Amino acid sequence: DYRVPIYALIKELGQLTFDIEGTSMFTPHQLNAGVNWKLPWVPLTVAADVSWAMWSLAPSPVPDALIEVDNSQLINDAPAGTELKKIIDVQSHSVPLGAKDILIPRIGLEYQLGDFELRCGYFYRPTPIPSQLYQTNFADSDTHVFTLGASWTGTDPFNAFRKPITLGLGLQWTQLRARRVDKVDPDDPTGDYFIKGGIFSLGFDLQHDF
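For every chain, the first residue of the written sequence is number 1, and numbering continues from 1 onward in sequence order. Predicted model: local features are reported for residues with pLDDT of at least 70 only, side-chain atom pairs are reported and counted for 80 or more only, and whole-chain, interface and lining totals are derived from all residues. Excluded from the side-chain calculations are hydrogens and water; all other atoms, namely the structure's heavy atoms, are used.

1. Side note on the overall build of the protein chain
In step 1: Only runs of H or I of at least four residues qualify as helices and only runs of E of at least two qualify as strands under DSSP, and these elements are numbered from the N terminus. When its secondary structure is counted, the protein chain shows zero helices and eleven strands.
In step 2: If you list the helices and strands of the protein chain from N to C, you get β-β-β-β-β-β-β-β-β-β-β.
In step 3: For the protein chain, the C-alpha atoms occupy an extent of roughly 95 × 50 × 25 Å along the three principal directions.
In step 4: Here the protein chain, with 210 residues, has 25% of them falling under the buried criterion.
In step 5: Contact between two residues is taken to exist if any of their heavy atoms lie within 4.5 Å; hydrogens are not considered. The long-range fraction of contacts in the protein chain, counting pairs at least 24 apart against all pairs at least 6 apart in sequence, stands at 58%. Exposure classes here rest on a 1.4 Å probe applied to the protein chains alone. A residue is buried below 20% of its type maximum, exposed above 50%, and partly exposed in between.

Okay, structure coming up:
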């Protein structure tokens, strides 16, 4: 949660109030359940799980804003005939996000090859955001995520540590499915639009247990 209140007295104009508050970087509560199975005839582990993400609890990402310019405090300094009132009085209200709870299934494989471990995985995240038919434009779409990874565990060649060191490398491709938004109002200032995209991630890690 955040709030940014700004108050300023502007000479010969009045008291300026600019107050904005809202919620940002929301992360939903999640419940997760999973299983894994190590195959007895090959050094392969299969893992699967599902997460319930409670996006229906998400607040609106649109902040509440209050903007006022009030010259009623200039009674002694105001020129004769000045009307003392709120010159500007604007207040906006947040727009409901309308998100829904979603289930996120995941599956992963890990293969043991000597000191190396090879991994791959996939998960599907349906969008919690309904189609933006009216005034809002919270752009989001269903997502397919593919991952590849490898790690190597070996002893310290300098014998400085008694426990092994693990080096890891991971790749992830996030594919946002194409989604078309057709506005109900033909005079909507944003108009109809089409969204899609992709995100590539690369990660490296070094692990040592003391």
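2. Here we look at the packing of aromatic side chains
In step 1: Paired rings are identified among Phe, Tyr and Trp, the last through its six-membered ring, by centres lying within 6.5 Å, and are further divided according to the angle between planes into stacked (under 30 degrees), edge-to-face (over 60) and tilted (the rest). Evaluated as defined, the whole model comprises three aromatic pairs.
In step 2: For the pair Tyr 122 and Phe 146, a centre-to-centre distance of 5.1 Å together with 40° between the ring planes defines the contact as tilted. In this pair, Tyr 122 is assigned in strand 8 (residues 116-125) and Phe 146 in strand 9 (residues 143-154), connecting sequence segments 24 residues apart.
In step 3: A relative accessible area of 28% places Tyr 122 in the partly exposed class.
In step 4: Of note, Arg 106 hangs over the ring of Phe 123, and the distance from its end group to the ring centre comes to 5.2 Å. Comment: the charge-over-ring label is applied if NZ (Lys) or CZ (Arg) is within 6 Å of the ring centre and within 35 degrees of the ring normal.

3. Concerning the pattern of salt bridges
In step 1: Each salt bridge in this description consists of a side-chain nitrogen of Lys or Arg and a carboxyl oxygen of Asp or Glu lying within 4 Å of one another. According to the stated counting rule, one finds seven salt bridges in the structure shown.
In step 2: The salt bridge involving Asp 182 is made with Arg 180; its shortest N-O contact spans 2.8 Å.

4. Focus on the environment of Ser 56
In step 1: When you line up the elements, Ser 56 lands in the loop between strand 4 (44-53) and strand 5 (64-70).
In step 2: Owing to a relative accessible area of 42%, Ser 56 belongs among the partly exposed residues under this scheme.
In step 3: A sequence separation of 45 residues divides Ser 56 from Asp 101, and the C-alpha atoms of the two residues are 5.3 Å apart.
In step 4: In this structure, Ser 56 is in contact with Ala 99, Lys 100 and Asp 101, ignoring residues within four places of it in sequence.
In step 5: Reaching out from Ser 56, the side chain makes a polar contact with the side chain of Asp 101 at a distance of 2.7 Å. Polar contact is defined as a pair of N or O atoms within 3.5 Å, subject to the rule that within protein one atom must be able to donate a hydrogen and the other to accept it, and that residues adjacent in sequence are counted only when both atoms are side-chain atoms.

5. Some words on the nonpolar core
In step 1: Within the largest apolar cluster, five residues are counted, these being Ala 58, Leu 97, Ala 99, Ile 129 and Phe 138.
In step 2: Ignoring anything within four residues of it in the chain, the contact list for Ala 58 reads Phe 26 and Leu 97. For the purposes of this section, nonpolar cores are sets of buried Ala, Val, Leu, Ile, Met, Phe, Trp, Tyr and Cys residues that join through side-chain atoms within 4.5 Å.

6. Some thoughts on the layout of surface pockets
In step 1: Definitions used throughout: a 1 Å grid over protein atoms alone; a cavity as a set of points that fits a 1.4 Å probe which cannot get out; a pocket as an open set with protein on both sides within 12 Å along at least five of seven lines; a lining residue as one with an atom within 4 Å of a point. Grid points are joined across faces, edges and corners, and a volume is the space filled by probe spheres set on the points. In this structure, the largest pocket occupies an estimated 250 Å³ of space.
In step 2: In terms of lining residues, the largest pocket is bounded by 16 residues, among which Phe 26, Trp 55, Pro 61, Leu 97 and Ile 129 are the most central.
In step 3: Residue polarity is assigned by list, with Asp, Glu, Lys and Arg as charged and Ala, Val, Leu, Ile, Met, Phe, Trp, Tyr, Cys and Pro as nonpolar; anything else, Gly included, falls into the polar class. Residue composition of the lining of the largest pocket, grouped by class: eleven nonpolar, three polar and two charged.
In step 4: Roughly 150 Å³ of volume is contained in the second largest pocket.

7. Here we look at the side chain of Ser 60
In step 1: In this fold, Ser 60 is placed in the loop between strand 4 and strand 5.
In step 2: A polar side-chain atom of Ser 60 sits 3.1 Å from the main-chain amide nitrogen of Val 62.
In step 3: Each residue touching Ser 60, except ones within four places of it in the same chain, is listed here: Thr 23, Ser 94, Val 95, Pro 96 and Leu 97.

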